[in-house]
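# Structural description and commentary
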Amino acid sequence: MIILTALSLPFMMREPIDLPPIVSVELIQISDKTKIPFAPKAAKILEKIKKEEERIVSEQAPPSEKKKEKPDRVPMPEDLKKEKKKIVKKKQNPEEIKDEIRQASEFEKKEIFDPNKIAALIDKSKQDTAEILKKDKKVTQSNVKNSFVSGLTLSEEDALKAQIFGCWSLPLGLPYQKNLLVRIKLRLKPDGTVLRSEILDHARMNKPGQGFYKVLAESALRAIRICQPLRVPPTQYEKWKDLQLNFDANEMLKG
Amino acid sequence: MKKILFLIFYLFIFNNSVMAVIEVDITRGNLDPLPIAISPLHLESGSQDIKQGDKTIKNVGEKISQLIETNLRRSGLFNPLKKESFVQNPDIAHVKPRFEDWKLIKAQALVTGKVIVKEDKLRTEFRLWDVVAAKEIVALAFSTRPDNWRRVAHIISDKIYKRLTGEEGYFDSRIIYVSEAGLKTQRIKKLAIMDQDGANVKYLTLGNELVLTPRFSPKNQLVTYLSYFRNLPRVYLLDIETGVQEVVGDFPGMTFAPRFSPDGKKIIMSFAKDGNSDIYTMDLDSRVVEKITDHTSIDTSPSYSPDGKYISFNSDRSGLQQIYVMRSDGSNVKRITFGKGIYGTPVWSPRGDLIAFTRMHNGKFYIGVMRTDGSGERLLTENYYQEAPSWSPNGRVLIFYRETKSDSDGKGFSAKLWSIDLTGYNERLIETETDGSDPSWSSLMSK
């Protein structure tokens, strides 16, 4: 009776299936950082690039003389004459020009530390600022930011954005419900190439569950590298030499 | 004195505002697949050929790189570049790449590597390079049996996918499905298993019993499915490693629509008796059965959330079949779909953020996704007849099956497996030897 009951149970009726086993794959640890050499030709090219980069850095270091040029200062007729002379001399003897610049900057220094004149300048700057703000309010809020604080006009900012939009390949597997903002601070050279870059929320990269952030940050850095030299204005280097790009993928991925 | 201090303070503030760092918001980018160059893996000298069945594989390195390329292209996230445009040869594996050459063809990532087959061992080494940053970002090596080269290619594809997208891949996984053959009226249905790309098909049953709705355990190589025994549908459990199969519970009626709990310790299913169907769970160790829903309507297609706290299911308790969510103990039942037509086969994403479903409306079938509260419904694909979505292990791709119309004799009928990603644009047919239905995706084998 027991045997009959057991035989009538459905699970007793099924034969085991003959399946080939899953073959394991063994992971072998190899060095994270490659120790394989460069191809001879590539090594030469890299050395050349390195040397060029060094040269560019030394050439591009912003001269202190330039810093002391005051954009607000109204050029006096005497200055204009001096400048004309300078230009003539520049062609013949560049060393003399340096002297002239140094003298001019020392003169400006004295001027800055004259308290009476500073007060006058500040009063003037207050008025100027107020006037600028008044004018800007007539246009748009963003113009205030662009022309006064950011130092880029709307069209300059648009040109830069359009350039980076084209270079930024968004990683398509990002989790759209997470914070997908990467802020990168750049120090630019006068020609718009990148001297150094820094991810502002770098600590987030190594946090558990934030693996996607590293991928996103890398894509942003890649976009900057592909795009450089960045489309920055040809003048006013001091204003835009430090630039912060906020890459935000949320808007695009959420649609 | 006060005046001077004020002046210094003002100068400081004024200067700061003028010299503030310019911030530019980048809110748009390129959504094209990432251009990647996959250099054929270099076959080291002294390597042996691989014999696989009747075939002999001479250059396994090339085969592995071709499979990686296919995997990445099918994901829709990568654009593998044409090999004809490559300037450097596969022997690049022995040196650092000349990044300038790869930048020229617009590659943003590069895969190089080498293989050697010796003494019945296949050793594969691969490196992934960020071409723009000119640096190596992944370096790994694997060793296995030579005829297991496809799995090596899938594992490498997963490593590349994870490093470049930030989420787990899904290539080293398998799909269990119902293989179908014959006329619609006389279908022979077998349980079959294959790699996610359709290769290595194995048939698990002979076709003398009807099989339906196979489902993988998320934790191990167990499969649960529905099979008929003496004209009574029963839920079965199959261990793929040992081949042993058994019936789940001795219910005095019909059991169907089985699925595993996220920890793989329970099976949740429907049990029908006297025209009523409710949801039950059974603990696989203790065999204790628990009734989860108790309603006069038909409650079926249960699916756990990945944290095991909630269950989605479909029920006709409101008149038409709709999707509901409740706590795993059966309390707090909430209806989450209110659209026109009927909704069914809800499946919770392994990421926990979405529920996939089938919707029927105006004589058409749709596969869609929505948030777990029912909001944000998106219909990904529309067809004459399609249903039974199943998630890839990373929650990015859905596999389902689609049937075609047939004439009154059952001719012209076919059932095929398809996949679609969350964007709704990357829809692909999965090639199978026979027709197929009811697919279920396994978790990653190498996890």
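What counts as what
Residues numbered from 1 in each chain as written. Chains lettered and ligands numbered in written order. Predicted model: local features only at pLDDT ≥ 70, side-chain atom pairs only at ≥ 80, totals over all residues. Helix = DSSP H or I, 4+ residues; strand = E, 2+ residues; numbered from the N terminus. Buried ≥ 20, exposed ≤ 12 C-beta atoms within 10 Å, placed from the backbone. Contact = placed C-beta atoms within 7 Å. pLDDT = per-residue confidence, 0-100. Expected span 1.5 Å × (residues − 1). Arc of directions from axis to C-beta. Pairing = 2+ DSSP bridges. Axes fitted to C-alpha atoms, helices over the stretch in contact; angles between N-to-C directions. Core = buried A, V, L, I, M, F, W, Y, C linked by C-beta atoms within 7 Å. Domains from an automatic or database assignment. Nonpolar A, V, L, I, M, F, W, Y, C, P; charged D, E, K, R; others polar. Parallel < 35°, antiparallel > 145°, perpendicular 65-115°, else oblique. Left-handed = near helix turned anticlockwise from the far one by under 90°.

Attention now moves to the overall build of chain B. When helices and strands are counted, chain B shows four helices and 33 strands. Considering only C-alpha atoms, chain B reaches an extent of 90 × 80 × 50 Å along its principal axes. The buried share of chain B, taken over its 447 residues, is 47%. The contacts of chain B with a sequence gap of at least 6 include a subset with a gap of at least 24, amounting to 44%.

Summing up its helical and strand segments, chain A has twelve helices and four strands in all. Looking at the 255 residues of chain A, the share that counts as buried comes to 15%. For chain A, the proportion of contacts with a sequence separation of at least 24, taken over those separated by at least 6, is 66%.

What follows concerns the confidence of the model for chain B. All names here are of chain B. Here chain B shows a mean pLDDT of 90. Residues at 70 or above account for 96%. When mean pLDDT is taken per element in chain B, strand β23 (residues 322-327) scores highest with 97 and helix α1 (residues 2-18) scores lowest with 56. Predicted complex, confidence summary: ipTM 0.73, pTM 0.76.

This paragraph deals with helix α9 (residues 154-167) of chain A. For α9 of chain A, with 14 residues, the first-to-last C-alpha span of 20 Å sits near the 20 Å given by 1.5 Å per residue. Along α9 of chain A, the residues classified as buried are Glu 156, Leu 160 and Ile 164 of chain A. In a view along the axis of α9 of chain A, the buried residues occupy a sector of 60 degrees, so they form one face of it. Facing away from the buried side of α9 of chain A, by more than 90 degrees, are the exposed residues Ser 155 and Ala 162 of chain A. Elements in contact with the buried residues of α9 of chain A: α10 (211-227) and β4 (242-248) of chain A together with β1 (22-26) of chain B.

Within a sheet, adjacent strands bond to each other through the backbone by hydrogen bonds, running parallel or antiparallel. All names here are of chain B. Spatially, the four strands line up as an open sheet ordered β25-β26-β27-β28, and their pairing is antiparallel. Looking at which strands have only one partner, the edges of the open sheet turn out to be β25 (342-348) and β28 (378-383). On average, each strand axis in the sheet is tilted by 20 degrees relative to the strand beside it, whichever way the strands run. One ladder, built from five bridges, connects strand β27 (residues 364-371) with β28; its direction is antiparallel.

Core analysis: the biggest nonpolar cluster contains 67 residues, and Leu 216 and Ala 220 of chain A together with Ile 36, Ile 64, Ala 109 and Val 152 of chain B have the highest contact counts within it. For this core, the element with the most residues is helix α4 (residues 149-165) of chain B, which contributes eight residues. Not counting residues within four places of it along the chain, the set of residues in contact with Leu 216 of chain A comprises Pro 171, Leu 174, Leu 180, Val 182 and Ala 249 of chain A. In this structure, Val 178, Leu 204, Ala 257 and Ile 399 of chain B belong to the second largest nonpolar core, which totals 65 residues.

One frequent convention defines the size of an interface as the accessible area lost when the parts assemble. All names here are of chain B. Annotation of chain B at the domain level lists domain 1 (34-165) and domain 2 (174-441). On a C-alpha basis, the centres of domain 1 and domain 2 stand 36 Å from each other. Taken together, the contacts link four residues of domain 1 with six residues of domain 2. Classifying every residue of the side of domain 1 that touches domain 2 gives no nonpolar, two polar and two charged.

In this section: the sheet that holds β1 of chain B. Pairing in this open sheet of four strands is mixed, and the strands run β3(A)-β2(A)-β4(A)-β1(B) from one edge to the other. Lying at the two open borders of the sheet, with one neighbouring strand each, are β3 (194-199) of chain A together with β1 of chain B. Adjacent strand axes in the sheet meet at a mean angle of 25 degrees, parallel and antiparallel pairs treated alike. Set on the sheet, α10 of chain A makes contact with β2 (181-188), β3 and β4 of chain A; between it and β2 of chain A the angle comes to about 35 degrees.

Right, let's get into the packing of helix α2 (residues 60-75) of chain B against α4 of chain B. All names here are of chain B. Packing of α2 against α4 brings their axes to within 9 Å, and their N-to-C directions diverge by 45 degrees. As summarised for this structure, α2 and α4 are arranged oblique, according to the angle between their axes. Crossing of α2 over α4 shows right-handed handedness. Note on element contacts: α4 touches α2 through Trp 149, Arg 150, Val 152, Ala 153, His 154, Ile 156, Ser 157, Ile 160 and Tyr 161, opposite Val 60, Lys 63, Ile 64, Leu 67, Ile 68, Asn 71, Leu 72 and Ser 75. Partitioning the contact of α2 with α4 into residue classes produces eleven nonpolar, four polar and two charged.

Our focus in this paragraph is the environment of Lys 364 of chain B. Its location among the elements puts Lys 364 of chain B in strand β27. C-alpha separation for the pair Lys 364 of chain B and Gly 182 of chain B, spaced 182 residues apart in sequence, amounts to 25 Å.

Now for unusual backbone geometry. Following Gln 228 of chain A, the chain continues into Pro 229 of chain A via a peptide bond in cis, with omega recorded as 5 degrees. Mapping Pro 229 of chain A onto the fold places it in the loop between α10 and α11 (237-240). With a phi close to 55 degrees, Gln 236 of chain A is a non-glycine residue in the positive phi region. Tracing the chain through its elements places Gln 236 of chain A in the loop between α10 and α11. Judged by the 13 C-beta atoms lying within 10 Å of it, Gln 236 of chain A falls in the partly exposed class. In this model, Thr 345 of chain B sits at a positive phi of 40 degrees, which is unusual for a non-glycine residue. With respect to the helices, strands and loops of the structure, Thr 345 of chain B is situated in strand β25.

Of all the six residues making up strand β21 (residues 299-304) of chain B, six are buried; the element is thus mostly covered by neighbouring parts of the structure. The hairpin formed by β21 of chain B and strand β22 (residues 310-315) of chain B contains five residues between the paired strands, and Gly 308 of chain B there has a positive phi angle of roughly 75 degrees.

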